[in-house]
Amino acid sequence: MEKYNLHPDRFFDPDASTRKYARDIYESIKDLPIISPHGHVDPSLFAENKPFLNPAELFIIPDHYIFRMLYSQGITMESMGIPTTVKTNKSETDPKKIWKIFAENYYLFNGTPSGVWLDYEFNIVFGIKEKPCAENALKIYDELNEKINSAEFLPRTLFEKFNIEVLSTTDSAADPLEYHRKIKQSSWKGRVIPCFRPDGLTDLSRKDWKDNLELLRKVSGREINSFDEFIEVLRERRKFFKSMGATSTDHGVFSPYTHELKSDEAENIFQRALKRKSTKEDARLFTAHMLMEMARMSLDDGLTMQIHPGAFRNHNDIIFEKYGADKGADIPAATEYTCNLKELLNKYGNEKSLTIILFTLDESTYTRELAPLAGHYPALKLGPPWWFHDSIEGMTRYRHMVTETAGFYNTVGFNDDTRAFVSIPARHDLARRIDSNFLAGLVVRHIISLQEAMIIAKDLTYNLVKKAYKL
Amino acid sequence: MEKYNLHPDRFFDPDASTRKYARDIYESIKDLPIISPHGHVDPSLFAENKPFLNPAELFIIPDHYIFRMLYSQGITMESMGIPTTVKTNKSETDPKKIWKIFAENYYLFNGTPSGVWLDYEFNIVFGIKEKPCAENALKIYDELNEKINSAEFLPRTLFEKFNIEVLSTTDSAADPLEYHRKIKQSSWKGRVIPCFRPDGLTDLSRKDWKDNLELLRKVSGREINSFDEFIEVLRERRKFFKSMGATSTDHGVFSPYTHELKSDEAENIFQRALKRKSTKEDARLFTAHMLMEMARMSLDDGLTMQIHPGAFRNHNDIIFEKYGADKGADIPAATEYTCNLKELLNKYGNEKSLTIILFTLDESTYTRELAPLAGHYPALKLGPPWWFHDSIEGMTRYRHMVTETAGFYNTVGFNDDTRAFVSIPARHDLARRIDSNFLAGLVVRHIISLQEAMIIAKDLTYNLVKKAYKL
Amino acid sequence: MEKYNLHPDRFFDPDASTRKYARDIYESIKDLPIISPHGHVDPSLFAENKPFLNPAELFIIPDHYIFRMLYSQGITMESMGIPTTVKTNKSETDPKKIWKIFAENYYLFNGTPSGVWLDYEFNIVFGIKEKPCAENALKIYDELNEKINSAEFLPRTLFEKFNIEVLSTTDSAADPLEYHRKIKQSSWKGRVIPCFRPDGLTDLSRKDWKDNLELLRKVSGREINSFDEFIEVLRERRKFFKSMGATSTDHGVFSPYTHELKSDEAENIFQRALKRKSTKEDARLFTAHMLMEMARMSLDDGLTMQIHPGAFRNHNDIIFEKYGADKGADIPAATEYTCNLKELLNKYGNEKSLTIILFTLDESTYTRELAPLAGHYPALKLGPPWWFHDSIEGMTRYRHMVTETAGFYNTVGFNDDTRAFVSIPARHDLARRIDSNFLAGLVVRHIISLQEAMIIAKDLTYNLVKKAYKL
């Protein structure tokens, strides 16, 4: 076990002049408030403001970034306490046992962003002074557990300590947003807002599509027997989300194919879906059409539209069947944007009042498709490096590959996109450091001046994200 | 507004030893003559040798690299003076107003190659000592305008000052090359040569194909009623181009698919095209066949063959309809070479006397397909980083990704590929700096010696391009 | 001609602190034994232990890495002594003439991994003190020739001098492994083991498939008239290979598509193949099914399964017809893993006792598909950078692109994958240097500690490869 010693210049290039500039730039932005415009933190945390349950429940069990790596090395899901639907398998319920496995295998996170974030969380958020390992596992567990149960580490207190100006959750279209309502009605002043994500309703290939439609019917109190009614209810839900503070929508699709159907085509597909008779091709066309509809509504209601394509969800059937979704088994696939987005961009891409933020899991598209598209269409902006690419190398590659063609001002700052609330400051700190280091590299090669770099750094950290997400 | 201070070591790595070697290598090549074997400068510039109209006409209106970025940030095409076919829209005609918008938004080019080139043009070519911004916009405009109208800044004078040994334009197959003739017949000794580009005739899917055929008929004075006649006329045009100084042809295709048709297949497709009845598949096959024909003719007449695939031209229909082609709305798409080029390379790739220069907008093909192909087939060479990739990062990635498999000697030096004449020295200077820096990186890591690096630098800057393009 | 002076810090970053750490890490692993778990060295070398024939036969004629580059520059295969089946062409038989061409063109290898390996072989293995060039060609030839014929440079002596702990060859399924038997029965203690590669039998599109089946029939002494018999014989061959020391199988496929056929489907395809009536689609399905079968057998017999996909073999028909396979004309193509491997990974990927090692020639899949897959499935590990990517830049990119998502422990150390026996220490030395330098980069940016880096370095060099290949 090693002493923790988070270096003040960590993640900066070793060259002395680059490092000096990186430090200067970082110093100028490190204390800016955190804007978290897209993520998956559970709003009940802030509505209820209860202590976190225990270190295993806080750091391991809900975080697929963590248990994915442990699972890949042969550690069972059950031993990590992942709940299972299979009656014959029993998941570990002793958080200390789970924690011990995690600590023993902490070296697996060396060189990974999870390792970097965890180091920050343990050392800076929780003041742990040793790196976890087999020997100190239980000592650290106890230390964490004690802190978790103190007033200082309640969710709302951490929210303020983290200097979060606004945090967006991600919520299904039929969500009544009860926790958001509670937060709003409370005396607490933290700004936690929802984001409208209708994936469960726009993807006809999902087995739960009709269940989701039923939830939508219930929450809206309206019958949905036609495509027009469906669209009308979605429009109302967007309005409701907006009234609850939402400034954006989000669309997770396998392919970013966009295509406008004629109204009878859309209606026919919808009717087949109601009868559970829609085909694969129906589903493909329906999603393509719904992206067009969502853009049209965004033009009307002003919600910023996010598109997150390219993940093959639940690639491992056994894991999905036994443990459900979001269990570390989503795998990216090659994604095509130039042809797939043509219809959407031709119809809405020239609109200056619309903002479409595009993400990718396929880095080969940065220089080939995404930067050229964002460097042309006024409505289109590029989201930050996402998921597997939200990392030291991933963020560095992003800036190197995107900036020359799209510039800085067709990007929108950082997203933490996390369900791990206490990792938020760690993730934003890392992003700020990587951007500072990238800008220092431009200064030291005399491409821009230090003064310009500092202006850009503030824009990347704060101004661009507020503008793109209308926060 | 900041003072310009173009650093003598700009773009070199900050490490002191790398920087020292980079400087030494760069010093050894910086004054070599410029060979510009592929580009889009208008030959009338040198035929007429008139002063440039004004700074907006020189730097902004004809350069889609520039207005693309401004358009992406919501600035209208009209306000930048881009001519439009739509009668209700009026384009700005006051060059000072256009210039002001440009200057106010000059910060958008920070970190982009356009920014780097413009800095060079303003500071080094025109001696401007401040970076453009809102405050100094008109002062700089006036300064530039005065210079533009002095004898020192006439096109031919700049050509000589830039130390250009030869400049190739790009010309459609039916072009009578009148300006080239005027240049040849003038007393001026500058070498400006044409390049044969028959895209308008080899792509049956273009709406102007029959118009282009008619132009070909007129310029050749021959009837073209069969595929054989078509081929024969193209052969004659190549001969004419060669007599006017051309040493190369150029082929812009969406896909580099190559396939030889049987003569009756080609004839049938051609006849359908004459009747405007050709299909998409006809067009695909025809282009594939024409690449084979062009290679065969190159083997005969010795013209170096360039292939520029992978751009989805005029992706934004609204922009195309209102403002025409080349308006910043061409977007790259994934490109396949290994299978698509098989027929061409099997038939002609083993010919030592033939040179085929291949370009890409899809960097994922550098290590996967292009370097392995060029590292095997004697006829095949790799063109330099093209368009979006003609940049600090793009050129650096190219050398890092291509060199190990293709070596230096299966590449062909630099192309500026520009229509912005005054950017030519800026672009060549940047390329020389990036190559010097790359080679310095090899020296400092003890992969090659400084002496070897200097030989390679000269080959990359001067010898390889002259050899590949037979200049 | 330049003096050789292989720098002790070669290939390390120039930054002083990075270089110091790199050196420290490298020093800690440089003398570890070589584990060569996958390659193409001819086992007869060690069975017979005869001197190498001459420098041309040792360095040039059998090594497609070398003559590929020379051929790309217009040097004929005949002049390099490559044997040809064409009676009218005569291949050069004077090794000195071949050597002279090679030496004159040695500069072509500047900046390539071949150049780096050759420098090591000449300078360190053979003690040559000048870099080859036209002037010193014959002097160096004589020096090499003399050494080759001394006892010190016999294959077994070099094997020991290179500190090779184990070397795996690659052998077709029908190979009787006679040389392996001889080595085992000799008094020599070197560990040379076979690897089971049934490509000739699993790819129905090969012209020699029936010949290979006949060889299998002969070596097994069994009739093979049904798919079940075919499978049974393969199982027995695996058993035989295992008894001869094999710990792995290897599968070279164009596409890594996997799919389990029903038993009658497999039987029908097999019967069509016996009658030479199988289709392209039959071949595609058969290979997909055989990958499933091989995984199943690996789960039974414990042999580690390697998959090497993505090479378009014999892309140049003329070269293949005149000179045969493995002549530098294999070209990578884009490769899809996420969808293609789904069936295999769903059925076998969760098995902890199975190891499947996946390689790629398509670097765009590192971050997009391979690292996410290996970062989840327990059975899956990523092989090292392969073929064109086994290079300074290629290995560096691999670590940068793979580590953050897959970690270090889902990789399996280095493969030299070479048929050039004397290049083995050069290749392993390079890999160790690049890994040391990469780890130093993590240390200097305070991502991991030097102590952690040293542990990882030893794991990458020695422990992980032994574990993955069960050596």
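A quick note: this is a predicted structure, and the numbers were derived from the prediction, not measured.

### Examining the overall build of chain A
So, step 1. Across its full length, chain A holds 20 helices and 11 strands.
So, step 2. Whereas a compact globule of 471 residues would reach a radius of gyration of roughly 23 Å, chain A reaches 23 Å, a difference of no more than 12%.
So, step 3. By its C-alpha atoms, chain A is 65 × 60 × 45 Å across when sized along the principal axes.
So, step 4. Taking all 471 residues of chain A together, 56% fall into the buried category.
So, step 5. Considering only residue pairs separated by 6 or more positions, chain A has 77% of its internal contacts joining residues 24 or more positions apart.

### Remarks on the relation of the copies chain C and chain B
So, step 1. Mapping chain C onto chain B is achieved by rotating through 120° and translating by 0.0 Å along the same axis, at an RMSD of 0.0 Å. Look at the turn and shift together and you get a three-fold axis relating the two.
So, step 2. Comparing interface residues between copies, only 5% of those in chain C also lie at the interface in chain B; the contact surfaces differ.

### Focus: the interface of chain C and chain A
So, step 1. Chain C puts 41 residues into the contact, and the matching count from chain A is 40 residues.
So, step 2. Among the secondary structure elements, those contributing two or more residues to the side of chain C that touches chain A are helix 1 (16-29), helix 16 (342-348), helix 17 (365-374), helix 18 (392-406), helix 19 (424-444) and helix 20 (450-468) of chain C.
So, step 3. Ranked by the residues each element gives to the side of chain C that touches chain A, the list is headed by helix 17 of chain C, at six residues.
So, step 4. Within the side of chain C that touches chain A, the residues separate by chemical class into 14 nonpolar, 18 polar and nine charged.

### Considering the pairing of strand 2 (residues 164-168) of chain A
Residues and elements named next belong to chain A.
So, step 1. Bridge count for strand 1 (residues 34-36) against strand 2 is three bridges, and the pairing is parallel. Bridge assignment links I35 to a residue of strand 2, and that residue is V166.
So, step 2. Taken together, the two bridges between strand 2 and strand 4 (residues 192-193) define a ladder with parallel strand orientation. Looking across to strand 4, one finds that L167 is bridged to V192.

### Concerning the sheet that holds strand 1 of chain A
So, step 1. Taken in spatial order, the three strands line up as 1-2-4 (chain A) in an open sheet, and their pairing is parallel. Taken across any chain shown, the strands that pair with only one partner, and hence form the sheet edges, are strand 1 and strand 4 of chain A.

### A few points about helix 18 (residues 392-406) of chain B
Residue pairs three or four apart in sequence face the same way in an α-helix, which turns once every 3.6 residues.
All names here are of chain B.
So, step 1. Compared with an ideal rise of 1.5 Å per residue, which puts 15 residues at 21 Å, helix 18 spans 21 Å between its outermost C-alpha atoms and is within 8% of the ideal.
So, step 2. Summarising burial for helix 18: 12 of the 15 residues are buried, a large majority.
So, step 3. Residues I392, E393, G394, M395, Y398, R399, M401, V402, T403, E404, T405 and A406 constitute the buried set of helix 18.
So, step 4. Two residues or fewer after helix 18 comes G407, characterised by a positive phi angle close to 70°.

### Things to note about the sheet that holds strand 1 (residues 34-36) of chain B
So, step 1. Sheet architecture is open: three strands sit in the order 1-2-4 (chain B), paired in parallel fashion. Looking at strand neighbours, the two that pair on one side only are strand 1 and strand 4 (192-193) of chain B, the edges of this open sheet.

### Considerations on the relation of the copies chain C and chain A
So, step 1. Between chain C and chain A, which share one sequence, the superposing operator has a rotation angle of 120° and an axial displacement of 0.0 Å; the RMSD is 0.0 Å.
So, step 2. Counting the interface residues of chain C, we find that no more than 5% of their copies in chain A are interface residues as well, pointing to two distinct contact surfaces.

### Re the interface of chain C and chain B
So, step 1. The partner chain B presents 41 residues to the 40 residues of chain C that form the contact.
So, step 2. Where the side of chain C that touches chain B is concerned, the elements lending two or more residues are helix 4 (64-72), helix 6 (113-125), helix 15 (317-323), strand 9 (331-332) and helix 18 of chain C.
So, step 3. No other element matches helix 4 of chain C, which puts four residues into the side of chain C that touches chain B.
So, step 4. Across the side of chain C that touches chain B, the residue classes tally to 17 nonpolar, 14 polar and nine charged.

### Some thoughts on the environment of S248 of chain C
So, step 1. Positionally, S248 of chain C belongs in strand 6 (residues 248-253).
So, step 2. As for S248 of chain C and W117 of chain C, which are separated by 131 residues in sequence, their C-alpha atoms are 27 Å apart.

### A few points about the environment of R181 of chain A
Residues and elements named next belong to chain A.
So, step 1. Secondary-structure assignment places R181 in helix 9 (residues 178-185).
So, step 2. Among the residues examined, R181 registers 14 C-beta atoms within 10 Å and is labelled partly exposed.
So, step 3. When the C-alpha atoms of R181 and D63 are compared, they prove to be 26 Å apart, with 118 residues separating the residues in sequence.

### Some thoughts on the packing of helix 13 (residues 263-274) of chain B against helix 14 (residues 280-301) of chain B
All names here are of chain B.
So, step 1. Packing of helix 13 against helix 14 leaves a shortest axis separation of 10 Å and a crossing angle of 125°. Between helix 13 and helix 14, the crossing angle belongs to the class labelled oblique. Two packed elements cross with a definite hand, and for helix 13 against helix 14 that hand is left-handed. Of the residues in helix 14, those in contact with A266, I269, R272 and A273 of helix 13 are D282, L285, F286 and H289.
So, step 2. Class assignment for the residues of the contact of helix 13 with helix 14 results in five nonpolar, one polar and two charged.

### With respect to the domain arrangement of chain A
Residues and elements named next belong to chain A.
So, step 1. You can read the domains of chain A as domain 1 (16-50 + 154-468) and domain 2 (52-153).
So, step 2. Using C-alpha coordinates to define each centre, domain 1 is positioned 28 Å away from domain 2.
So, step 3. In this complex, domain 1 contributes 20 residues to the contact, which on the side of domain 2 involves 21 residues.
So, step 4. At the level of elements, helix 8 (155-161), helix 15 (317-323) and helix 19 (424-444) are the ones that each hand at least two residues to the side of domain 1 that touches domain 2.

Cut-offs and rules
Residues numbered from 1 in each chain as written. Chains lettered and ligands numbered in written order. Predicted model: local features only at pLDDT ≥ 70, side-chain atom pairs only at ≥ 80, totals over all residues. Helix = DSSP H or I, 4+ residues; strand = E, 2+ residues; numbered from the N terminus. Rg over C-alpha atoms; globule rule 2.2 N^0.38 Å. Buried ≥ 20, exposed ≤ 12 C-beta atoms within 10 Å, placed from the backbone. Contact = placed C-beta atoms within 7 Å. Least-squares fit on C-alpha atoms with pLDDT ≥ 70 in both. Nonpolar A, V, L, I, M, F, W, Y, C, P; charged D, E, K, R; others polar. Pairing = 2+ DSSP bridges. Expected span 1.5 Å × (residues − 1). Axes fitted to C-alpha atoms, helices over the stretch in contact; angles between N-to-C directions. Parallel < 35°, antiparallel > 145°, perpendicular 65-115°, else oblique. Left-handed = near helix turned anticlockwise from the far one by under 90°. Domains from an automatic or database assignment.

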